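# Structural overview for review
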Amino acid sequence: PPLAMSSTAAGGKPSLSASALVADTATGSHHFTIDLYSRTKGIPTGEPLKSCPFTVGGHRWLVLYYPNGDQAENAGYISLRLILAENTSRTLRAQHQFRFAGEAENQALPLAAEPLNNFAGLASWGNSKFIRAEALEKSKHLRADSFAVRCDLIVVSDFRAVETPEPAPPAFVTVPPSDLHLHLGNLLLAEKGADVVFEAGGETFAAHRCLIAARSPVFSAELFGEMKESVDTTAVVKIDDMDAQVFKALLYFVYTDTLPEMKREEAGEDAMSQHLLVAADRYNLDRLKLICEDKLCRCIQVSTVATILVLAEQHHCSGLKKACFDFLSSQANLKAAMASDGFEHLSQSCPAIMKELISMLSALVP
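About the thresholds
- Residues numbered from 1 in each chain as written.
- Predicted model: local features only at pLDDT ≥ 70, side-chain atom pairs only at ≥ 80, totals over all residues.
- Heavy atoms only, no water.
- Salt bridge = Lys/Arg side-chain N within 4 Å of Asp/Glu carboxyl O.
- Helix = DSSP H or I, 4+ residues; strand = E, 2+ residues; numbered from the N terminus.
- Buried < 20%, exposed > 50% of the residue type's maximum accessible area, 1.4 Å probe, protein only.
- Patch = residues over 30% accessible without salt bridge, like charges linked within 9 Å, V, L, I, M, F, W, Y side chains within 5 Å.
- Areas by Shrake-Rupley, 256 points an atom, 1.4 Å probe, with all protein chains shown as cover.
- Contact = heavy atoms within 4.5 Å.

A word on the pattern of salt bridges. In the structure shown here, the tally under the stated rule is 11 salt bridges. Among the ionic pairs, Asp152 bridges to Arg99, the shortest N-O distance being 2.6 Å. Taken together, the residues span a long stretch of sequence, with Asp152 in strand β9 (residues 147-164) and Arg99 in strand β6 (residues 93-100) at a distance of 53 residues. Note on accessibility: Asp152 and Arg99 belong to one class, buried. Residue Arg215 is joined to Asp257 by a salt bridge in which the shortest nitrogen-to-oxygen separation is 2.9 Å. Highlighted residues: Arg215 in helix α5 (residues 209-215) and Asp257 in the loop between α7 (244-256) and α8 (269-282), separated in sequence by 42 residues. With a relative accessible area of 28%, Asp257 lands in the partly exposed category. Here the salt bridges do not stand alone but share partners, grouping Arg99, Arg150 and Asp152 into one network.

What follows deals with a nonpolar patch on the surface. There is a patch of nonpolar side chains on the surface, built from Leu21, Leu116 and Phe159 and spanning about 310 Å² of accessible area. With respect to the element layout, Leu21 can be found in strand β1 (residues 18-34).

All right, on to the side chain of Asn117 then. Structurally, Asn117 is set in strand β7 (residues 117-118). For Asn117, a relative accessible area of 9% translates into the label buried. Setting aside residues no more than four positions away along its own chain, Asn117 makes contact with Leu92, Arg93, Ala94, His96 and Trp125.

Turning to its location among the elements, Val246 is positioned in helix α7. For the pair formed by Val246 and Leu277, sequence separation is 31 residues and the distance between their alpha carbons is 9.9 Å. Those residues in contact with Val246 that sit more than four places away from it in its chain are Met272, His275, Leu276 and Ala279.

Here it is in structure tokens:
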């Protein structure tokens, strides 16, 4: 008689297979800037202003901005909605989210929890109560009568099943993440085995020569190379022109590759980031320098842009310089910044930057 098919392979081991439900997706974002916000406040409830059309997933989309809410019950709120700029009767699924543009930079699209909506038939979806108009006018997002929002969008095509590799065997051992930075941080605090003392801002800091030298080529040259001032290992190494708290944060980064949490009574994050950027450049700590650049990119405003731009130019921070120029590409921001005290220092210390700004201003003026 014929043999029956078995789900068990030779040797008695069951066969395993797996599949997954997937869909092709297209991802995109659209920045929508509302200039002269105060003039849009007179538009009646339910009447939108539209963005320019933009394309994601092969379809054209529009952002609808309602200055006084999309419905009567939402009056007093800013409403934002997304709609197709084309009419289609077939199902078109997409996830989206509205955020202020300043909160969305350099972040992955956080759309996993957002609903998957069908935009067929000119249906619009969005946030009818994005923010109260009164709250917007008191917030940091409204600058020089202008604010910007960003719409993140994922368009999802038809779902389909695909075969996947055989499931991985169960894990019987869990390997924890590295905690080397904690041990080295404790070593710095305990000063155990410390063989060098630094003095900065009137305070002293005990440290370990080999570790410091391994992290910074400048420290290596000062402690072991031709720049070494003395063979006396008990001598205090003086750090000129650096505040004690800045050097303390620098040491903490050298040991842990992270920055310490800043206390409220200490200097603001933007001021500390500026000082640390200078220190990082001085001691060739490239990662720390980039961390400070990234922090300062988020601190740019009318009162600080001139100072930060000088810093970026003097310490060759191309990304930070681009961020400053991006901020100043707004005529309102540029006009306000030029009236600030820092702009005079900028014109005196970095004349080349002033030439670039004049060139940019000429391009902005029609």
